[in-house]
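# Secondary and tertiary structure notes
Listed below are the residues making up each chain.
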Amino acid sequence: MNKVAISGVGMTPFGKFLDRNVKSLCEEAVKAALVDAGVTVDDVDVVYFGNAAGGTVNGQEMIRAQAALRNTGLAGKPMFNVENACASSSTALHLAWLAIASGQHETALVVGAEKLFHEDKAVSFKAFAGAVDIEEPIPEGVSKGSGSIFMDLYAAKARKWMSACGAEPADFAEVVVKSRHAAALNPYAQFRKETTVDEVLNSRMISEPLTLFMCSSIGDGAAAIFLCSESFARKLQNKPVYIRASSIVSAIPGGAEVVAVRAGRAAYEQAGIGPEEIHVAELHDASAPAELIHYENLGFCAPGDAPKLIRNGDTGIGGRISVNPSGGLLSRGHPLGATGAAQIIELTWQLRGQAGARQRPDAKVALAENNGGQLAGDSAVALVTILAT
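Each chain has its residues counted from 1, running along the sequence as written. Restriction of local features to residues with pLDDT of at least 70 applies here, the model being predicted, together with a cutoff of 80 or more for giving and counting side-chain atom pairs; totals for whole chains, interfaces and linings are based on all residues. For side-chain calculations, the full set of non-hydrogen atoms in the structure is used, while hydrogens and water are omitted.

On to the side chain of Thr-195. Structurally, the position occupied by Thr-195 is in the loop between helix H7 (169-184) and helix H8 (197-202). With a 1.4 Å probe rolled over the protein chains alone, any residue whose accessible area is under 20% of its type maximum counts as buried; one over 50% counts as exposed, and the rest are partly exposed. A relative accessible area of 9% places Thr-195 in the buried class. The term polar contact refers here to a pair of N or O atoms within 3.5 Å; inside protein, the definition further demands a hydrogen-donor-capable atom paired with an acceptor-capable atom, and it admits residues adjacent in sequence only when both atoms are side-chain atoms. At a separation of 2.8 Å, a polar atom in the side chain of Thr-195 contacts the side chain of Glu-199. Contact partners of Thr-195, with chain neighbours within four places excluded, come to Val-176, Val-177, Arg-180, Val-200 and Phe-213. For helices the rule is a DSSP run of H or I covering at least 4 residues; for strands it is a run of E covering at least 2, with both sets numbered from the N terminus onward. Any two residues having at least one pair of non-hydrogen atoms within 4.5 Å are treated as being in contact.

All right, on to the packing of helix H4 (residues 88-101) against helix H14 (residues 336-352) then. Note on definitions: angles span 0 to 180 degrees between N-to-C directions of axes, and those axes are lines fitted to C-alpha atoms, for helices only across the stretch in contact. The contact between H4 and H14 brings their axes to 5 Å, and the two run at 60°. Put simply, H4 runs oblique to H14. Contacts from Ser-88, Ser-89, Ser-90 and Leu-93 of H4 reach H14 at Gly-337, Ala-338, Thr-339, Gly-340, Ala-341 and Ile-344. Orientation labels follow simple angle bins: below 35 degrees gives roughly parallel, above 145 gives roughly antiparallel, 65 to 115 gives roughly perpendicular, and whatever is left gives oblique.

Before going further, it helps to examine a nonpolar patch on the surface. Patch membership requires over 30% relative accessible area and the absence of a salt bridge. Like charges are linked within 9 Å, and nonpolar side chains (Val, Leu, Ile, Met, Phe, Trp, Tyr) within 5 Å. Accessible surface is estimated by sampling points in the Shrake-Rupley manner with a 1.4 Å probe; for residues, cover comes only from the protein chains shown. Each reported salt bridge corresponds to a side-chain nitrogen of Lys or Arg within 4 Å of a carboxyl oxygen of Asp or Glu. Together, Met-1, Leu-95 and Leu-98 make up an exposed nonpolar region whose accessible area comes to about 290 Å². Here Leu-95 lies in helix H4.

The method is simple in principle: a probe with the dimensions of a water molecule rolls over the atoms, and the space it marks as empty is what remains. Definitions used throughout: a 1 Å grid over protein atoms alone; a cavity as a set of points that fits a 1.4 Å probe which cannot get out; a pocket as an open set with protein on both sides within 12 Å along at least five of seven lines; a lining residue as one with an atom within 4 Å of a point. Grid points are joined across faces, edges and corners, and a volume is the space filled by probe spheres set on the points. In this model, the largest pocket occupies a volume close to 700 Å³. In terms of lining, the largest pocket is formed by 26 residues, of which the most central are Lys-157, Val-258, Ile-293, Gly-377 and Asp-378. Among the secondary structure elements, those contributing two or more residues to the lining of the largest pocket are helix H6 (149-165), helix H10 (259-271) and helix H11 (288-297). Looking at the lining of the largest pocket element by element, the count peaks at 8 residues for H6. For the second largest pocket, the calculated volume is near 600 Å³. Around the second largest pocket, the lining comprises 27 residues; the ones closest to its centre are Phe-125, Leu-212, Ser-216, Ser-217 and Ile-218.

Okay, the side chain of Ser-203 next. In this fold, Ser-203 is placed in the loop between H8 and strand E5 (205-207). A polar contact is formed between the side chain of Ser-203 and the side chain of Thr-211, at a distance of 3.0 Å.

Mapped onto the secondary structure, Ala-223 falls in strand E7 (residues 220-229). In contact with Ala-223, not counting residues within four places along its chain, are Gly-10, Met-11, Ala-29, Val-110, Val-111, Gly-112, Ala-338, Ala-341, Ala-342 and Ile-345.

With 17 residues, H14 should reach 24 Å at 1.5 Å per residue; the first-to-last C-alpha distance of 26 Å fits that figure. Among the 17 residues of H14, 17 are classified as buried, and the element is accordingly described as predominantly covered. Among the residues trailing H14, Gly-353 stands out with phi positive, at a value near 80°. One less than the residue count of a helix, multiplied by 1.5 Å, gives the span that helix is expected to have.

To continue, consider the pairing of strand E2 (residues 47-50). Burial along E2 is two-sided: the face carrying Val-47 and Phe-49 and the face carrying Tyr-48 and Gly-50 are both buried. Strands are treated as partners if at least two bridges between them are detected by DSSP. Taken together, the 4 bridges between E2 and strand E3 (residues 79-82) define a ladder with parallel strand orientation. The residue of E3 that forms the bridge with Phe-49 is Asn-81. Relative to strand E4 (residues 107-115), E2 runs parallel, the two being bridged by 4 bridges. Looking across to E4, one finds that Phe-49 is bridged to Val-111.

Further remarks concern the packing of aromatic side chains. Paired rings are identified among Phe, Tyr and Trp, the last through its six-membered ring, by centres lying within 6.5 Å, and are further divided according to the angle between planes into stacked (under 30 degrees), edge-to-face (over 60) and tilted (the rest). The full count for this structure, using the stated rule, is 6 aromatic pairs. Between Tyr-48 and Phe-80 the ring centres are 5.0 Å apart and the planes differ by 10°, which places this aromatic pair in the stacked class. Of this pair, Tyr-48 sits in strand E2 while Phe-80 sits in strand E3; the two residues are 32 residues apart in sequence, bridging distant segments of the chain. Taking the relative accessible area as the measure of exposure, Tyr-48 reaches 6% and is therefore buried. Ring pairing ties together the aromatic residues Phe-128, Phe-150 and Tyr-154, which thus form one cluster.

This paragraph deals with the nonpolar core. Residues belong to a common nonpolar core when they are buried Ala, Val, Leu, Ile, Met, Phe, Trp, Tyr or Cys residues joined through side-chain atoms within 4.5 Å. One finds Phe-172, Ile-278, Tyr-295, Phe-300, Leu-367 and Ile-386 to be the most contacted residues of the largest nonpolar core, which totals 64 residues. Among the elements that make up this core, the one with the highest residue count is H6 (11 residues). The next biggest cluster of nonpolar side chains, apart from the first, holds 35 residues, and it includes Trp-97, Ala-108, Ala-341 and Leu-351.

In structure tokens, the structure reads:
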């Protein structure tokens, strides 16, 4: 397979924007990515567009890419609409990578976008409610009532995990403190005010043990990535960042291993490296406990040792492995369809040495883990992408 480079990235700030629609968000992100790469729309062979909830939130179905990108200059290009829950734009990236690696195309543009904020919060929650098997009974041990089925599910997983490894709510609060500190250094982040452990623990209880600050919020945003072949990348000025591995798996009802473990193992095998070689990572922290659980899922520590990593500062910006230096879903924000692409953009900046005060020193190998939906007690889908200079 041919080597595939990321040569241009761009994104909007994430937040709640009453005065912006998906079109305006996409136009900003696409322009930024093309300018960053030093290319024009004429250099784009194909477009992969990730969006999860457009049909529910604003009624746009079926032709989301064609509608959202009609004013970008990309009209007429081959466009693929990709919907895969919170993993929509990372799935779009996977497909674009395959298209270039196989030699089918020399360049591709990945766009992830979401307009999730709505004046009626019930509309936003309805979008999340559709990311489960609606005919599957609520798993045993899940206490409904937070208003968000996903936070109830995350809370149940957190309670089970705490009893197994001895983690405490204060450990989850430390994840949020780390996340807010990183976001305070990120001009694209939704939540840029630092916080304390006490403030996190004393914020409103959503679903035991998750307080408000431990839960990712509703938000809007767009992110775009220009990918190309190695030969095309040589013609551009940007330092290329190469996709060393991209794996995607779906849940197996009754399976022995969760999707994140399976996707991670496949990516490590594909890249020919181990977790000890990762310098910086963006993990799917839709809730604070999820970040700690993923430390174990991806082999960053032995089972049961995740609390030690957060307590020792091993996953801070200057730590052994910097995790979520963007602020992650908790603080950078989580506009579903844009999240996976935003993870890749942060890691690209890290590997280029362009992350400013968030920079993990001497970062050369990076990993993104993005999952989405719920099925049979697990995320419905997970992707792991490994990047390197």
